[in-house]
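Single-letter residue listing:
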Amino acid sequence: MLGVRNLTTLYEYLIMVGFAGLVLGYVLGHKAGKGRGTQIGLAAAPLRLREATLLSGRCQICGAGPVPADEPSEVGRSGNQQGGEHVRTMMEFVKMHGLGNDYLYVDLIRHNYEFDWPTLARALSDRHFGVGGDGLVLIMPSSRSDVRMRMFNADGSEGEMCGNAIRCVAKYLFDEQIVKARALTVETLAGDLRLTVEESSNGIAETVTVDMGEPRLEAGQIPILVGEENGMVVNYPVGAAGTNLDVTAVSMGNPHAVTFVTDLAEYPVQQVGTALERHPLFPNRVNVEFVEVHSDSEISMRVWERGSGETLACGTGACASVVAAVLTRRTGRRVTVHLRGGDLRVEWRETDGHVYMRGPATFVFSGQVCVSELLKGKKASPVS
């Protein structure tokens, strides 16, 4: 058996221990692959197994170690590191997506990170200088639901709700066994929503159904500055980017402007979406959906998301589009919505008036980021 005395340096010994940890982590992940919370390989293993394999958990850029769960980690907090004081800002995250609508997720149930979240959301979401994503989602304790979700768009603005993100939150909670039940509730700025998880044959969450609640249709609830506040806004004429549109306004906890088009593939989504997002009619800005109807039960949709631009999918946008299609008598109440990233099933039930959305949630990878390095030279600024 090879002893430490046979190694030329302590450094070689540490490398050997680290490599052994990686191998052990892979084996554990592979063996656990048939159970909940594990896919293939180390990166997809549950966090509780991965923690032992991260080469002592120190940042390879700055040498800072992870902050214990009961110790806040914030820009400005320093610890004694070799060579002087160092800001301890190493943060773990998970990347997941719903139909390509990808966010970075931070677990604030297990960790006590404290950062300038809008500034960090902008830095992390940058696909060239950050990790890359449509925004940042915080998974937090809640006093009234199983968990609380906060979401920040790529520009740092905080959104009320994200349908694709909330499915991924449910997946994370189920796969990590933070919530062991298949039915759970999540607190959002749009209200407390009920979700149901469907697991795959290997025991991980694969599909999630979200009870989105009742759509809000009165102008004051959206809000949109037209007519009376308690009236619906259906096929309302709006001019944007030199184009005349008929807009139907819907809130799924966040504001949406839905317009129907005949050639979705060639439609100038960026130009019209940019103009309509910041149109004076919408004091809180708006998400814009461009919809082409194929049949009574099938539509295609492209979306310009408030604060993020065009994305591959938008769960609340898909729900708003179906509501708008029903209000304008273009479809029935059960509709398959084709998005650039895949399909969602949406139903606006007559029995309770609620909108139900069913779709996948997918784990991509997990990692650690040195926040102090990422934010170096960046200044916090208000979101316009």
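Look a little higher up for the structure.
Residues numbered from 1 in each chain as written. Predicted model: local features only at pLDDT ≥ 70, side-chain atom pairs only at ≥ 80, totals over all residues. Heavy atoms only, no water.

Below, the discussion takes up the overall build of the chain. Within the chain one finds 7 helices and 20 strands. Looking at the 384 residues of the chain, the share that counts as buried comes to 53%. Taking contacts inside the chain between residues at least 6 apart in sequence as the whole, the part at least 24 apart equals 61%. When the accessible area of the chain is evaluated, it comes to approximately 17600 Å², of which 50% is carbon and sulfur surface. (Helix = DSSP H or I, 4+ residues; strand = E, 2+ residues; numbered from the N terminus. Buried < 20%, exposed > 50% of the residue type's maximum accessible area, 1.4 Å probe, protein only. Contact = heavy atoms within 4.5 Å. Areas by Shrake-Rupley, 256 points an atom, 1.4 Å probe, with all protein chains shown as cover.)

A separate point is the pattern of salt bridges. What the rule picks out here adds up to 19 salt bridges. Put simply, Glu158 and Arg150 hold a salt bridge, and the shortest N to O gap is 2.9 Å. Residue classification places Glu158 among the partly exposed positions, given a relative accessible area of 32%. The residue Lys171 makes a salt bridge to Asp175 at a minimum N-O spacing of 2.8 Å. Here Lys171 and its partner Asp175 are both found in helix α4 (residues 163–175), 4 residues apart, which amounts to about one turn of the helix. Classification of Asp175 by relative accessible area gives buried; the value is 8%. (Salt bridge = Lys/Arg side-chain N within 4 Å of Asp/Glu carboxyl O.)

Attention now moves to the pairing of strand β3 (residues 90–98). For β3, the buried fraction is high: 8 of the 9 residues fall into the buried class. Here 8 bridges tie β3 to strand β20 (residues 362–370), and the two strands are oriented antiparallel to one another. The residue of β20 that forms the bridge with Met90 is Cys370. Both β3 and strand β4 (residues 101–107) contribute to a ladder of 5 bridges, which runs antiparallel. Each bridged residue has a counterpart across the sheet, and for His97 the counterpart in β4 is Asp102. Counted between consecutive antiparallel strands, the loop separating β3 from β4 contains 2 residues, among which Leu99 sits at a positive phi close to 55 degrees. (Pairing = 2+ DSSP bridges.)

Now for the packing of aromatic side chains. Taken as a whole and assessed by the stated rule, the structure comprises 4 aromatic pairs. Ring geometry for Phe93 versus Phe365: centroids 6.1 Å apart, planes at 80 degrees, classification edge-to-face. Of this pair, Phe93 sits in strand β3 while Phe365 sits in strand β20; the two residues are 272 residues apart in sequence, bridging distant segments of the chain. For the pair Tyr113 and Phe115, a centre-to-centre distance of 6.0 Å together with 25 degrees between the ring planes defines the contact as stacked. Across the pair, Phe115 and Tyr113 agree in class, each one buried. In textbook terms, an aromatic cluster arises when at least three aromatic residues are bridged by ring pairs, as seen for Tyr113, Phe115 and Trp117. Its guanidinium or amino end placed over the ring of Phe260, Arg330 lies 4.1 Å from that ring's centre, counting from NZ or CZ. (Phe/Tyr/Trp six-rings, centres within 6.5 Å; stacked < 30°, edge-to-face > 60°. Lys NZ or Arg CZ within 6 Å of the ring centre and 35° of its normal.)

On to helix α3 (residues 117–125), then. The periodicity of an α-helix, 3.6 residues per turn, causes residues three or four positions apart to be oriented the same way. Most of α3 is tucked away: 7 of the 9 residues are buried. Regarding α3, the residues found buried are Trp117, Thr119, Leu120, Ala121, Ala123, Leu124 and Ser125. Along its buried surface, α3 packs onto β3, β4, β5 (135–140), β6 (147–153), β20 and α7 (371–374).

The next thing to look at is the nonpolar core. With 60 residues, the main nonpolar core has Tyr105, Met149 and Val337 as its most contacted residues. Those residues in contact with Val337 that lie beyond four places of it in its chain are Ile299, Met301, Ala318, Val322, Gly342, Asp343, Leu344 and Val346. Listed in part, the 23 residues of the second largest apolar core include Val233, Val238, Tyr267 and Phe282. (Core = buried A, V, L, I, M, F, W, Y, C linked by side-chain atoms within 4.5 Å.)

Before going further, it helps to spend a moment on the environment of Arg182. If you trace the backbone, Arg182 turns up in the loop between α4 and β8 (183–188). The sequence separation of Arg182 and Lys171 amounts to 11 residues, and the corresponding C-alpha distance is 9.8 Å. Dropping the residues within four chain positions of it, Arg182 is found in contact with Phe174, Leu195, Thr196, Val197 and Glu199.

A separate point is the side chain of Glu289. Examined against the element boundaries, Glu289 turns out to sit in strand β14 (residues 287–295). One buried charged residue, Glu289, remains without a salt bridge, the closest side chain of opposite sign being Arg306 at 9.7 Å. Here the side chain of Glu289 touches His256 through a polar contact of 2.9 Å, side chain to side chain. Setting aside residues up to four positions removed in sequence, Glu289 forms contacts with His256, Ala257, Val258, Thr259, Met301, Arg302, Val303, Cys314, Gly317 and Ser321. (Lys, Arg positive; Asp, Glu negative; His and termini not counted. Polar contact = N/O pair within 3.5 Å; in protein donor to acceptor, adjacent residues only side chain to side chain.)

The next subject is helix α6 (residues 315–327). Between its first and last C-alpha atoms α6 spans 19 Å; for 13 residues at 1.5 Å apiece the expected length is 18 Å, and the two agree. Within α6, 12 of the 13 residues are buried, which leaves it mostly tucked inside the rest of the structure. Positive backbone phi, at 60 degrees, marks Arg329, one or two positions downstream of α6. (Expected span 1.5 Å × (residues − 1).)

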